[in-house]
Amino acid sequence: MSDTATLQKPPTSNETVNILMVDDSPDKLLAMESILQSLGQNLIKAHSGPEALRLLLKQEFAVILLDVNMPGMDGFETASMIRQRPSLEHIPILFVTALSTTDSDIFKGYSFGAVDYVLTPILPEILRTKVGVFVELWRQKRALQQQADTLLKLNQDLTGRADQLTAANKELESFCYTIAHDLRAPLRAMEGLTAALVEDFGSNLDEVGHESADRIRQAASRMDQMIQELLAYSRLSFVHLDLQPIRLDEIIKDAVTQIDFDLRQKKARLQVKRSRHRVLGHQPMLVQVVSNLITNAVKFCADGMTPEVIVREERHGDFVRIWIEDNGIGIAPEHCERIFRIFERLHDRDKYSGTGIGLAIVQKAIARMGGKVGVESEVGRGSRFWFELKLHTEPDRPITSPRQDELPEPTTDPKASDSPPA
Ligand code: ADP
């Protein structure tokens with residue numbers, strides 16, 4: 001990016017700078033001009049303090065060479081007037097004064113804001129060097145200023161772009177949300193009308209007719225479930241989260257209660273090792289995560305096997321890792337990452353029902369709670385899913401329950417026992 005390139009350049013500026021020379025004597029001004037000409041800068045002359053002040057208000061100068069002994073407003077008075085203007089507060093002033101100047105005059109000059117003295121008769125080399133230093137300083141200051149301006153502009157651009165992105169994201173999310181809601185209505189009508197059709201005209205339908213009606217109902221119900229899960233998934237992005245200390249024991253208990261029907265139907269054996277820890281999380285989201293993982297652990301089990309699931313925890317420094325281990329069909333290691341992406345499924349829908357959204361919800365919910373997820377598995381040797389969240393170690397404080405509108409839509413429907421959602 002060209003902006004970045006600009007930022008990486010060393011801070012110099014090639015601008016020609018203005019140097020103000022103030023002296024009531026035209027000869028001395030001429031002498032200074034001829035000495036400083038080789039610096040190649042704009043040399044501007046003023047014959048009195050008031051003229052210098054007028055010039056200073058019109059343009060920017062890198063340095064002022066100010067004669068101390070001028071009739072009317074002398075050099076000290078002029079310097080003091082210059083310093084009173086906030087914009088000229090830091091402009092370097094070099095007093096030009098006679099070699100015979102006393103120490104007390106020199107101190108007086110410093111108290112009026114002089115940065116240095118040039119003694120007359122002027123030694124050309126000394127004057128050139130001193131003024132050259134201030135020219136260089138001014139250039140560096142200007143270059144830094146330009147960099148600061150560029151940075152500020154970049155920052156403003158970035159903030160603007162971030163705002164645009166947030167707005168576009170919000171719009172997209174609300175669009176998805178509306179679409180998903182609107183899609184559910186005709187689906188429910190489809191389910192209802194098919195049920196009514198079978199009830200009212202079932203006697204006229206042969207076996208194929210009944211089967212077709214059944215398939216319509218199943219397809220509609222699967223699609224409805226998918227939409228609900230998509231809604232839950234998209235809501236995870238924008239719901240406001242207040243992380244609270246949560247007892248893992250309670251989360252696991254709530255999740256098991258939620259999927260109890262499923263567990264009984266599959267005759268699953270569930271072993272929950274007692275948890276002692278509290279983590280920082282969002283209660284409804286965490287219940288959903290645990291229930292999704294246990295539902296999968298029970299679902300992806302080989303024919304004729306009794307699903308066996310172990311839930312246990314492990315402390316990892318400042319984090320607590322929860323393991324959900326099963327004796328199921330397992331996952332080839334090369335697929336262990338992609339299954340957390342939305343709609344990624346490894347198995348045939350006819351054999352293992354599902355939408356491919358469950359693990360994406362797990363991954364997003366845990367990320368929003370500041371944690372991580374993962375899995376260790378091999379085909380035929382079961383899977384060990386885990387997630388970890390920050391350990392809460394502070395003493396108890398009242399836990400306020402999250403607002404109802406923050407709850408993710410439930411993805412489990414106890415009625416739909418033939419197609420348990422994950
Ligand atoms: P769904 O269960 O609805 O298909 P998920 O997002 O929960 O979707 O899981 C994605 C895929 O990951 C599943 O389709 C399955 O192939 C695989 N998977 C998830 N959990 C397990 C598990 N415990 N054992 C074996 N495979 C699993």
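Because the structure is predicted, anything quoted here is derived from the model rather than measured.

> Quick question: what am I supposed to make of the site of the ligand here?
Taken together, 21 residues sit near the ligand, with Asn296, Arg345, His347, Thr355 and Leu359 positioned nearest. In the model, an oxygen atom of the ligand is placed 2.8 Å from a nitrogen or oxygen of the Asn296 side chain. In this structure, a nitrogen atom belonging to the ligand sits 2.9 Å away from a side-chain N or O atom of Asp326. Contact with the protein chains covers 100% of the free accessible surface of the ligand, which is 520 Å². Those elements that place two or more of their residues in the shell around the ligand are helix H10 (283-299), helix H11 (358-368) and strand E12 (383-390). The element contributing the most residues to the shell around the ligand is H10, with three residues. Class assignment for the residues of the shell around the ligand results in nine nonpolar, eight polar and four charged.

> Which parts of the structure should I look at to understand the packing of helix H3 (residues 49-58) against helix H4 (residues 75-84)?
Between two packed helices, the angle of one axis relative to the other and the distance separating the axes together describe the packing. One way to put it is that H3 packs onto H4 with a least axis distance of 9 Å and a crossing angle of 25°. Comparing their axes, H4 and H3 come out roughly parallel. Considering the relative orientation of H3 and H4, their crossing is right-handed. Between H3 and H4, the residues in contact are Gly49, Leu53 and Leu56 and Thr78, Met81 and Ile82, respectively. Here the contact of H3 with H4 is built from residues that sort into four nonpolar, two polar and no charged.

Calculation notes
- Residues numbered from 1 in each chain as written.
- Predicted model: local features only at pLDDT ≥ 70, side-chain atom pairs only at ≥ 80, totals over all residues.
- Heavy atoms only, no water.
- Near = heavy atom within 4 Å.
- Polar contact = N/O pair within 3.5 Å; in protein donor to acceptor, adjacent residues only side chain to side chain.
- Areas by Shrake-Rupley, 256 points an atom, 1.4 Å probe, with all protein chains shown as cover.
- Helix = DSSP H or I, 4+ residues; strand = E, 2+ residues; numbered from the N terminus.
- Nonpolar A, V, L, I, M, F, W, Y, C, P; charged D, E, K, R; others polar.
- Axes fitted to C-alpha atoms, helices over the stretch in contact; angles between N-to-C directions.
- Parallel < 35°, antiparallel > 145°, perpendicular 65-115°, else oblique.
- Left-handed = near helix turned anticlockwise from the far one by under 90°.
- Contact = heavy atoms within 4.5 Å.

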